[in-house]
Structure formats: structure tokens, C-alpha cells
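Here are the chains, one letter per residue:
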Amino acid sequence: MKKIIMYSGPMCNFCEAAKRLLERNKLKYEVIDISADESLRDEMIKKSNGKRTIPQIFFENDHIGGYVELRELEKNNKLLNSLK
């Protein structure tokens, strides 16, 4: 199964919603908090092709997008297959 990485920050409702969605599906994930380290923010922007909003979610090196895209995968029953 691919590793799930989420770039996140404080007081982010979409980040919290994404975490709940992953936990509801019993999926483990790593959170990278970009609020305290500018180099992590720059890393996220580079990896996501210029996206600056949070969360930015990756399955290994595959950029999924944010919460809306993650929710679409779940809604269309594609979430678990995307992690294979």
C-alpha cells in the first residue's frame, strides 16, 4: 500500500476533514505541518506544481490534490484502489 502524506497547517477545516476521512477508512497517514517551517511550505508548493492551499495530499509521489479530490476518490469507491 502506498504511503499517504498530507501537508497541513493549524486551524484548517479541510485538513481536519481529510484526516477524519482517512481515519474513517482506517488508513494511516503522515502529516507534515508547514506552519512552522518555510522550507516545508516551499517543498509542498514544488511537489504540488505550485498549489499553495492546504491540505495537499500525496499517495507516495502521486499528487492527489486537496480534500475535495480525496473525497471524490472515496465517493467514487476509488480511494483504496488508488493506494495499491
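Before reading further, recall that the structure is shown in the block above.
Computed from a predicted model, the values in this text were never measured in an experiment. Every chain's residues receive numbers from 1 upward, in the order its sequence appears when written. The predicted origin of the model limits local features to residues at a pLDDT of at least 70 and limits the giving and counting of side-chain atom pairs to 80 or more, whereas totals for whole chains, interfaces and linings rest on all residues. Only hydrogens and water are set aside; all other atoms, that is, all heavy atoms of the structure, feed into the side-chain values.

Engineer: With reference to specific residues and values, describe the pairing of strand β2 (residues 30-33).
Structural biologist: Whether two strands pair comes down to DSSP finding at least two bridges between them. Strands are runs of DSSP state E lasting at least two residues, helices are runs of H or I lasting at least four, and both sets are numbered from the N terminus onward. The sheet contact formed by strand β1 (residues 4-8) and β2 spans four bridges and is parallel. If you follow Ser8 over to β2, its bridge partner there is Asp33. Handedness of the crossover is the feature at issue here: the chain leaves β1, passes through helix α1 (residues 13-24), returns alongside β2, and the resulting connection is right-handed. Handedness of a crossover is defined as follows: orient the strands so they point away from the viewer, and if the path from the first strand over the helix to the second runs clockwise, the crossover is right-handed.

Engineer: Any details on the packing of α1 against helix α3 (residues 67-75)? Residues and values, ideally.
Structural biologist: Each packed pair of helices is defined by two parameters, the angle between the axes and the distance between the axes. The axes are straight lines fitted to the C-alpha atoms, using for helices just the contacting stretch, and the angles between their N-to-C directions are given from 0 to 180°. Where α1 meets α3, the axes come as close as 9 Å, and the angle between the chain directions of the two elements is 25 degrees. Relative to α3, the element α1 is oriented roughly parallel. In this structure, the crossing between α1 and α3 has a hand that is left-handed. Contact residues: Phe14, Ala17, Ala18, Leu21, Leu22 and Arg24 in α1; Tyr67, Leu70, Arg71 and Glu74 in α3. Residues that form the contact of α1 with α3 fall into these classes: seven nonpolar, no polar and three charged. The cut-offs work like this: below 35 degrees is roughly parallel, past 145 is roughly antiparallel, 65 to 115 is roughly perpendicular, and the gaps in between are oblique. The handedness criterion is simple: a crossing whose near helix is rotated anticlockwise from the far helix by less than a right angle is left-handed, and one whose near helix is rotated clockwise is right-handed. In this analysis, two residues are considered to be in contact whenever any of their non-hydrogen atoms come within 4.5 Å of each other. When residue character is reported, Ala, Val, Leu, Ile, Met, Phe, Trp, Tyr, Cys and Pro are called nonpolar, Asp, Glu, Lys and Arg charged, and the others, Gly included, polar.

Engineer: I'd like a rundown of the packing of aromatic side chains, residues and numbers included.
Structural biologist: Each Phe, Tyr or Trp ring, with Trp reduced to its six-membered ring, pairs with another whose centre is within 6.5 Å; inter-plane angles below 30 degrees give stacked pairs, above 60 give edge-to-face pairs, and intermediate values give tilted ones. On inspection of all chains with the given rule, the structure shows two aromatic pairs. Seen from their ring centres, Tyr7 and Phe58 are 5.7 Å apart, and the 75 degrees between their planes marks the pair as edge-to-face. Here Tyr7, found in strand β1, pairs with Phe58, found in strand β3 (residues 56-59); they are 51 residues apart in sequence, far enough to count as distant. Per-residue accessibility, obtained with a 1.4 Å probe over protein chains only, is compared with the maximum for each type, and a residue is labelled buried under 20%, exposed over 50%, and partly exposed between these values. Look at Tyr7 and you get buried, because its relative accessible area is 0%. The interplanar angle of 40 degrees and the centroid separation of 6.0 Å between the aromatic rings of Phe14 and Tyr67 together place this pair among those described as tilted. With Phe14 in helix α1 and Tyr67 in helix α3, the pair connects residues that are 53 residues apart, well separated along the chain. Assessed through its relative accessible area of 48%, Phe14 is described here as partly exposed.

Engineer: Tell me about the nonpolar core, and please be specific about residues and values.
Structural biologist: The definition of a nonpolar core used throughout is a set of buried Ala, Val, Leu, Ile, Met, Phe, Trp, Tyr and Cys residues joined through side-chain atoms within 4.5 Å. The biggest cluster of nonpolar side chains holds 13 residues, and the ones touching the most others in it are Ile4, Leu22, Leu27, Ile57, Phe59, Leu70 and Leu79. Elements with a minimum of two residues in this core: β1, α1, β3 and α3. A total of three residues in this core trace back to one element, the largest contributor, which is α1. Ile4 has contacts with Leu22, Leu27, Lys28, Tyr29, Glu30, Ile57, Phe58, Phe59 and Leu83, leaving out every residue within four places of it along the chain.

Engineer: Talk me through the sheet that holds strand β4 (residues 62-65); I want residue IDs and the actual numbers.
Structural biologist: The strand order β2-β1-β3-β4 describes an open sheet built from four strands, whose pairing is mixed. Two strands in the sheet have a free side with no partner beyond their single neighbour: β2 and β4. Taken pair by pair, the neighbouring strands of this sheet meet at an average axis angle of 25 degrees, ignoring direction. Pairing of β3 with β4, which is carried by three bridges, proceeds in the antiparallel orientation. Its bridge partner being in β4, Phe58 is matched across the sheet by His63. Packed on one face of the sheet, α1 meets β1, β2 and β3 and runs near 160 degrees to β1.

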